Amino acid sequence: MCRKASGWCVKMRSCKVNIWDRRKMRPDKWMISLPYTETKFTRPPWLTRFGFPALPRSDPKTITPDGESKHCNMSRLHEQDAKRPHGVNTGTTE
């Protein structure tokens, strides 16, 4: 018997195409090979045309007291820490 590969299995294996290889299967060829399915997509009103949220997740006026910024004022936190001596009233038991 000869050791040369022959048969239908080898023939199938030699003709396989890597569909992700752009040289063999370009996106236009790949899309043409698929059956056409018509899809209708209506953009929901809570998204922008790019898919981002159209409105903020929460209203800054409802989550903060009057006159305060929506974002955390880190300088105010550092001022509070500076007023307090180290180790006093920190809540730790040593």
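All values derive from a computational prediction rather than experimental measurement.

Peer 1: Where do I start with the overall build of the protein in this structure?
Peer 2: Check the secondary structure of the protein and you find four helices and zero strands. Written out in order from the N terminus, the α and β elements of the protein read α-α-α-α. By residue count, 3% of the 94 residues in the protein fall in the buried class. Surface summary for the protein: the accessible area is close to 10,200 Å², and the carbon and sulfur share equals 59%.

Peer 1: Sorry if this is basic, but what is going on with the confidence of the model for the protein here?
Peer 2: Residues shown with low pLDDT carry predicted positions that ought not to be read at fine detail. Here the protein averages 76 in pLDDT, and 79% of its residues register 70 or above. When mean pLDDT is compared element by element in the protein, helix 1 (residues 8-14) scores highest at 83, while helix 3 (residues 60-63) scores lowest at 68.

Peer 1: Quick question: what am I supposed to make of a nonpolar patch on the surface here?
Peer 2: A contiguous nonpolar patch, built from I19, W20, W30, M31 and L34 and spanning about 570 Å² of accessible area, is present on the exposed surface. Its place among the elements puts M31 in helix 2 (residues 27-33). Accessibility expressed as a relative area gives 59% for M31, which makes it exposed.

Reading the values: rules and limits
Residues numbered from 1 in each chain as written. Predicted model: local features only at pLDDT ≥ 70, side-chain atom pairs only at ≥ 80, totals over all residues. Heavy atoms only, no water. Helix = DSSP H or I, 4+ residues; strand = E, 2+ residues; numbered from the N terminus. Buried < 20%, exposed > 50% of the residue type's maximum accessible area, 1.4 Å probe, protein only. Areas by Shrake-Rupley, 256 points an atom, 1.4 Å probe, with all protein chains shown as cover. pLDDT = per-residue confidence, 0-100. Patch = residues over 30% accessible without salt bridge, like charges linked within 9 Å, V, L, I, M, F, W, Y side chains within 5 Å. Salt bridge = Lys/Arg side-chain N within 4 Å of Asp/Glu carboxyl O.

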